[in-house]
Amino acid sequence: MPRKLPTATIRTQVTVPLRFADGYATTARVFTFNGLADGLEHVAFGLGDRSGPFNPGQQSGPPPLVRPHSECLTGDVFGSQRCDCGAQLREAVELIADAGGYLLYLRQEGRGIGLYAKLDAYALQDTGLDTYEANLALGHGEDERSYLVAAQMLLALGVSRVALLSNNPDKAEQLRHFGVTVAARVPTGVHLSQANARYLATKARRGDHTLDLRAVGGIGSD
Ligand SMILES: [Zn+2]
């Protein structure tokens, strides 16, 4: 049975024109919320046919394309090549703008362990541990992310059915658990670079992600 969630409500909505480093531009309706369970400042970006003022009557029709994206300061803002977050974020914005839906920007840096701990984990990885082993060595879980607030945000936006843009089965499972129907799953692309190849291979092996690294770089996923 889906868990009964504390109700969140839309706090503010405002239009923000976006332009990325490669020149891609679109317009977002950015939503803030009251009542999110962890009290953090998570935001939703409405894109495509969801980029206008919130319209409760828009809920019929196909489910919106939704990506819960966990904040990654180094990847999202600075283009770090240690992970694929920046490229995934950029791809997600365009796919969602084309299809209509929401990007949920979740303030859970470094798989939920925080920025400093993530950088500590990078230092441990440089001694030979993988992402998950490094988090455990620091006393954290392998992955401390929760999608409870993502479900709260969607329900506040009147969305109870989504097409989920993700390779991560845990996201779909958690959203279902929190009462959001995942009507379809849309895989994201794989963004392979020299520096993140090992990270992606670990993610595929340990997190049970559906990534086919062989298709893009001749790197096996186990
Ligand atoms: Zn990242």
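An account of the accompanying structure is given in this report. (Residues numbered from 1 in each chain as written. Predicted model: local features only at pLDDT ≥ 70, side-chain atom pairs only at ≥ 80, totals over all residues. Heavy atoms only, no water.)

Let's shift gears to the pattern of salt bridges. The tally for this structure, following the rule as stated, stands at 6 salt bridges. Linking R90 and E94 is a salt bridge whose minimum nitrogen-to-oxygen distance equals 2.8 Å. In this pair, R90 and E94 are both assigned in helix α2 (residues 85-99), 4 residues apart and thus about one turn of the helix distant. With relative accessibility at 18%, the residue R90 sits in the buried group. Residues E109 and K118 are paired through a salt bridge, measuring 2.6 Å at the closest nitrogen-oxygen approach. In terms of burial, E109 and K118 fall into one category: buried. (Salt bridge = Lys/Arg side-chain N within 4 Å of Asp/Glu carboxyl O. Helix = DSSP H or I, 4+ residues; strand = E, 2+ residues; numbered from the N terminus. Buried < 20%, exposed > 50% of the residue type's maximum accessible area, 1.4 Å probe, protein only.)

Core analysis: the largest hydrophobic core is formed by 27 residues, its most contacted members being F33, L104, L154, V162 and L175. Contributions of two or more residues to this core are made by β2 (25-34), β5 (101-106), α5 (148-156), β6 (161-165) and α6 (169-177). In terms of residue count, α5 provides more of this core than any other element does, 7 residues in total. A28, L103, A163 and L165 belong to the second-largest nonpolar core, a separate cluster that totals 16 residues. (Core = buried A, V, L, I, M, F, W, Y, C linked by side-chain atoms within 4.5 Å.)

All right, on to the packing of aromatic side chains then. Summed over all chains, the structure comprises 3 aromatic pairs. Each ring, one from F31 and one from F54, has its centre 6.4 Å from the other, and the planes form 85°; the classification is edge-to-face. With a gap of 23 residues between them, F31 in strand β2 and F54 in the loop between β3 (43-47) and β4 (65-70) connect regions that are remote in the sequence. Between F31 and Y102 the ring centres are 6.2 Å apart and the planes differ by 65°, which places this aromatic pair in the edge-to-face class. A residue pair is termed long-range when its members are at least 10 positions apart, and F31 in strand β2 and Y102 in strand β5 qualify at 71 residues. In this pair, the class of F31 matches that of Y102, namely buried. Here a set of aromatic residues connected by ring pairs shows up, and it is made of F31, F54 and Y102. Between the NZ or CZ atom of R82 and the centre of the ring of Y122, over which it lies, the distance is 4.4 Å. Here R90 stacks its cationic end above the ring of F20, 5.7 Å away from the centre of that ring. (Phe/Tyr/Trp six-rings, centres within 6.5 Å; stacked < 30°, edge-to-face > 60°. Lys NZ or Arg CZ within 6 Å of the ring centre and 35° of its normal.)

In this fold, D130 is placed in the loop between α3 (115-125) and α4 (131-137). The class of D130 is buried, set by a relative accessible area of 6%. For D130, the side chain forms a polar contact with the main-chain nitrogen of E133, separated by 2.8 Å. (Polar contact = N/O pair within 3.5 Å; in protein donor to acceptor, adjacent residues only side chain to side chain.)

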